[in-house]
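So you can see what is in the structure, the chains are spelled out below.
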Amino acid sequence: MSSFGYATFGNSTPGNLLTGFGFYEPYWLVDFANACVVLHLVGGYQIFSQPLFADIERWFARKFPESKFFHKNHTLKPLPMLPFKLNLMRLVFRTAYVALITGIAVLFPYFNQVVGVSGAITFWPVVVYFPVEMYLTQKKTESWKTKAIVLRVYTMVCLIVILYAFVGPIRGVIVARFS
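So, a few notes on the structure that sits alongside this text. For clarity, every value in this text was computed on a predicted model and none was experimentally measured.

What counts as what
Residues numbered from 1 in each chain as written. Predicted model: local features only at pLDDT ≥ 70, side-chain atom pairs only at ≥ 80, totals over all residues. Heavy atoms only, no water. Helix = DSSP H or I, 4+ residues; strand = E, 2+ residues; numbered from the N terminus. Buried < 20%, exposed > 50% of the residue type's maximum accessible area, 1.4 Å probe, protein only. Contact = heavy atoms within 4.5 Å. Salt bridge = Lys/Arg side-chain N within 4 Å of Asp/Glu carboxyl O. Phe/Tyr/Trp six-rings, centres within 6.5 Å; stacked < 30°, edge-to-face > 60°. Core = buried A, V, L, I, M, F, W, Y, C linked by side-chain atoms within 4.5 Å.

Some words on the overall build of the chain
When helices and strands are counted, the chain shows seven helices and two strands. Along the chain direction, N to C, the helices and strands of the chain fall in the order α-α-α-α-β-β-α-α-α. A buried classification covers 16% of the 179 residues belonging to the chain. Across the chain, contacts joining residues at least 24 apart in sequence account for 44% of those joining residues at least 6 apart.

Comments concerning the pattern of salt bridges
Enumeration according to the criterion identifies four salt bridges in this entry. We note a salt bridge from glutamate 57 to arginine 94, for which the minimum N-O separation is 2.7 Å. One end of the pair, glutamate 57, is in helix α3 (residues 50–63); the other, arginine 94, is in helix α5 (residues 88–107), with 37 residues separating them in the sequence. Note on arginine 94: relative accessible area 18%, which makes it buried. Here glutamate 133 ties to arginine 152 by a salt bridge, and the two come within 3.1 Å at their closest N and O atoms. Separated by 19 residues along the polypeptide, glutamate 133 in helix α6 (residues 111–138) and arginine 152 in helix α7 (residues 146–177) bring together distant segments of the chain.

Things to note about the packing of aromatic side chains
Under the defined criterion, the tally for this structure stands at eleven aromatic pairs. On the basis of an interplanar angle of 70° and a centroid distance of 5.1 Å, the ring pair of tryptophan 59 and phenylalanine 60 is categorised as edge-to-face. Ring centres 5.1 Å apart and planes at 10° place the aromatic pair phenylalanine 64 and phenylalanine 70 in the stacked group. Accessibility expressed as a relative area gives 36% for phenylalanine 64, which makes it partly exposed. Among the residues examined, phenylalanine 70 registers a relative accessible area of 19% and is labelled buried. Three or more aromatic residues joined by ring pairs form one cluster here, namely Phe53, Trp59, Phe60, Phe64, Phe69, Phe70, Phe93 and Tyr97.

Points about unusual backbone geometry
With phi around 50°, lysine 140 is a residue other than glycine that occupies positive phi space. Positionally, lysine 140 belongs in the loop between α6 and α7. Given the relative accessible area of 71%, lysine 140 is considered exposed.

Structural notes on the environment of valine 117
Mapping valine 117 onto the fold places it in helix α6. For valine 117, a relative accessible area of 14% puts it in the buried group. Between the C-alpha atom of valine 117 and that of proline 169, which follows or precedes it by 52 residues, the distance is 5.2 Å. With residues up to four places along the chain from it excluded, the contact list for valine 117 reads Phe166, Pro169, Ile170 and Val173.

Comments concerning the nonpolar core
Soluble, globular proteins show a tendency: their nonpolar side chains are buried together. If you look at the biggest cluster of nonpolar residues, it comprises five residues: Phe53, Phe70, Met89, Phe93 and Val98. Looking at this core element by element, the count peaks at three residues for α5.

This is how it looks when you write it as structure tokens:
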């Protein structure tokens, strides 16, 4: 949605497309839309944070090999046909981590620019590089085959585009910080 706003309004696109044009009523609708945006961002943030979560959980498991808090999975059956396993350490750590980082991010007076920087940093490895490398590994594609070369050139082109795109949010953070 924000790319359509930018395509339409250019640099004068407001940070909040819901209220940036004076649309404040009905209040409940704006509040509901903002709650949906928060829910979407928290879920997406957790997906993009999976590699970090895995590393930290692995470190805790090695550090405390005898602890049931880190190793025991509890089976929950909310519905008889839908059992799932819950690890308390994962529940507590992931929830606390996301809440803490979200709280810190909201404290920034220039939240949109910080989100832009984090998006620029995480987009290329998670959305382009890792999937391409996983595909090449899973398919056991040889390094100098046409498909491998084309996919690796694609990842490098995307990296160059993302590096150029990274300049915008950095400039936004600097301008917001010193204005």
